[in-house]
Each structure stands twice: as structure tokens, then as C-alpha cells.
Amino acid sequence: MDRIDLTGATLIDTDFTGCHLPQPDFTRAHFHGNAAFDNAHFHGNAAFDNAHFHRDTAFDNAHFHGNGSFIGSRFHETAWFSGTHFHETAWLRDTYFRETAMFNDTNFHQNAWFHRSHFRQTAVFNDAHFHKSVWFRNTHFQEDAGFIGADFHGDAGFIGAHFHGYAGFGDMALEEGVEFLCGGAMAVMELPAGRRHSWPPDWVLTPDPDKPGWGRLQLSRTSSPQRRGFRAHESTVPSTPPD
């Protein structure tokens with residue numbers, strides 16, 4: 001079998017655990033009941049664009065050997081990508097996560113695009129490994145967003161992102177020369193129960209006079225003049241993620 005074409009299919013209680021899937025195309029598919037892809041291997045490009053996952057979905061420890069594309073997909077319940085390996089480009093732009101999204105200890109070996117995605121509940125990227133660039137441009141995090149212990153080996157862009165809950169970047173590792181681009185990103189100023197945001201190095205949250213209760217991320221005064229003037233705002237970024 002050269003490829004699997006389930007474009008537009010309706011699938012019930014799907015279980016591909018441990019399977020090897022050649023060039024699978026699940027574009028516009030609807031997954032009713034739980035969908036299990038744990039330890040699966042996707043050979044060639046895997047397409048889940050505009051798919052709907054109506055119950056819990058698990059890709060834990062799966063390997064995407066080609067591009068993994070979830071553009072415009074909707075996860076209506078918990079989405080698990082813990083320990084997953086994206087060996088080529090990971091496309092998750094315009095993706096909607098209604099419940100918790102788990103990407104802890106996930107490996108993104110090439111570029112990852114999350115721009116304009118929406119996380120309605122907690123988004124967990126703790127201990128994730130970004131080996132190339134990653135973009136969360138204009139992404140909304142409605143609840144907690146955790147990147148604690150994540151390591152970044154390529155530029156990371158959160159330009160225009162909105163953090164409606166706690167944002168945690170503590171204990172992250174940043175390879176020398178890597179840029180964190182946060183111009184235009186915003187976050188709520190106050191968190192319940194005395195919690196405090198933890199931001200990437202050199203970035204601070206300052207009150208936004210035009211949006212009460214919100215702040216805007218800016219480079220700190222203690223950062224170098226070159227950093228304060230370079231890549232501090234969306235308009236100065238030399239290359240933007242593709243649509």
C-alpha cells in the first residue's frame with residue numbers, strides 16, 4: 001500500500017496504536033469516539049487538515065517522518081502529543097484546542113508553526129524540544145501556557161500572542177544566538193492566588209494604557225541597546241511565517 005486516503009471519512013473509536021501508516025490523508029475526517037495514534041509511525045507527509053477530533057485524541061510517542069499537518073483542525077476534547085517526534089515540519093496553524101493540549105517532552109526537529117491557533121484550556125509545552133524555529137504568531141492562550149524546562153535551538157516567535165492566563169517560561173534553555181520575538185504580545189497583568197508570570201530572558205510585561213488589566217511585552221531596559229531596537233516589534237521581523 002503506497003498511501004492511505006481517508007479524506008472526509010467518518011471514523012468511530014479509531015485505534016492506530018503502533019501502526020505504520022504510509023502517506024496518510026485524513027483531511028476533513030471526523031473522529032467520533034476516542035482516537036488513538038500512540039506509538040504510530042507516519043511515513044511520508046501526514047495530513048489531518050480541517051479534521052475534527054470529537055473525543056480524546058492521543059498521538060503520544062508517535063513519529064511523523066514527513067510533514068505533520070493539522071492546519072485548521074479542531075480538537076474538541078483533550079489532545080495528547082506527549083513524547084511525539086515531528087521529524088519534518090509541524091503545521092498546526094489555525095488549529096483549535098477546546099480542552100487541554102499536551103505537548104510535554106515533544107520533539108520538533110524542524111520548524112513548527114502554531115500561528116493563529118487557539119488554546120481554550122491549558123497548553124502544556126513543558127520540557128519540549130524545539131530544534132529549529134517555532135512560531136506562535138497571533139496565538140491565543142485562554143488558560144495556563146507552560147513552557148517550563150523547554151529548550152529552544154532556533155528562533156521563537158510569539159509576536160501578537162495573547163496570554164489570558166498564566167504564562168510560564170521558567171527554567172527554559174535558550175541556545176546562544178537564538179532570538180525570542182515577542183513584540184506585540186499581550187498578557188493579563190494580575191493572576192489569581194498570587195501567581196506570577198515567568199517570561200523569556202530580557203522580556204518584561206508593562207501595563208497597556210489602552211487596555212485596562214492587560215500588559216504588553218517589551219524588551220527590558222537592562223537589555224542591550226541593539227536588542228531593544230532589533231526584532232522588538234512585528235514590523236521589524238525580517239521573515240514571517242508563511243500562510
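Residues numbered from 1 in each chain as written. Predicted model: local features only at pLDDT ≥ 70, side-chain atom pairs only at ≥ 80, totals over all residues. Heavy atoms only, no water.

Draft legend 1. Summary view of the side chain of serine 69. As for its placement among the helices and strands, serine 69 is situated in strand β11 (residues 68-69). For serine 69, a relative accessible area of 10% gives the class buried. At 2.5 Å, the side chain of serine 69 forms a polar contact with the side chain of aspartate 49. In this structure, serine 69 is in contact with Ala46, Ala47, Phe48, Asp49 and Trp91, ignoring residues within four places of it in sequence. (Helix = DSSP H or I, 4+ residues; strand = E, 2+ residues; numbered from the N terminus. Buried < 20%, exposed > 50% of the residue type's maximum accessible area, 1.4 Å probe, protein only. Polar contact = N/O pair within 3.5 Å; in protein donor to acceptor, adjacent residues only side chain to side chain. Contact = heavy atoms within 4.5 Å.)

Draft legend 2. Spotlight on unusual backbone geometry. Of note, arginine 28 is a non-glycine position whose phi angle comes to about 65 degrees, a positive value. Tracing the sequence through the fold places arginine 28 in the loop between β4 (24-25) and β5 (30-36). Positive phi is not limited to glycine here, since aspartate 127 has a value of about 60 degrees. With respect to the helices and strands, the residue aspartate 127 is situated in the loop between β21 (123-124) and β22 (129-130).

Draft legend 3. Just the confidence of the model for the protein chain, in detail. With 90% of its residues at a pLDDT of 70 or more, the protein chain has an overall mean of 91. Counting contacts from residues 224-240, a segment whose pLDDT is below 50, to residues more than four positions away or on other chains yields 29 contacts. (pLDDT = per-residue confidence, 0-100.)

Draft legend 4. View of the pairing of strand β33 (residues 203-207). Bridge count for β33 against strand β34 (residues 214-219) is five bridges, and the pairing is antiparallel. Among the inter-strand pairings, proline 207 is bridged to a residue of β34, identified as glycine 215. (Pairing = 2+ DSSP bridges.)

Draft legend 5. Up close: the sheet that holds strand β18 (residues 107-108). Judged by pairing direction, the sheet is parallel, and its eight strands sit side by side in the order β3-β6-β10-β14-β18-β22-β26-β30 without closing on themselves. On the outer flanks of this sheet lie β3 (20-22) and β30 (173-174), each paired with one strand and no other. Bridge count between strand β6 (residues 41-43) and strand β10 (residues 63-64): two bridges; the pairing is parallel. From the neighbouring strand, phenylalanine 42 faces β10, where its bridge partner is phenylalanine 64.

Draft legend 6. Structural detail: the nonpolar core. Counting residues in each nonpolar core, the largest one holds 60 residues, and the members touching the most others are Phe37, Phe48, Phe147 and Phe158. For this core, the secondary structure elements donating two or more residues are β5, β33 and β34. When residues no more than four places from it in sequence are discounted, the contact partners of phenylalanine 158 are Phe136, Phe141, Phe147, Phe163, Phe169, Phe180, Leu181, Cys182 and Ala185. Within the second largest apolar cluster, five residues are counted, among which are Tyr166, Val188, Leu191 and Trp214. (Core = buried A, V, L, I, M, F, W, Y, C linked by side-chain atoms within 4.5 Å.)

Draft legend 7. Quick look at the pattern of salt bridges. On inspection of all chains with the given rule, the structure shows eight salt bridges. Between arginine 3 and aspartate 5 there is a salt bridge, with the nearest N and O atoms lying 3.6 Å from each other. With relative accessibility at 41%, the residue arginine 3 sits in the partly exposed group. The partner of aspartate 25 in a salt bridge is arginine 3, and the shortest N-O contact between them spans 3.9 Å. Separated by 22 residues along the polypeptide, aspartate 25 in strand β4 and arginine 3 in the segment before β1 (4-5) bring together distant segments of the chain. We classify aspartate 25 as buried; its relative accessible area is 16%. What emerges from the salt-bridge pattern is a single network uniting Arg3, Asp5 and Asp25. (Salt bridge = Lys/Arg side-chain N within 4 Å of Asp/Glu carboxyl O.)

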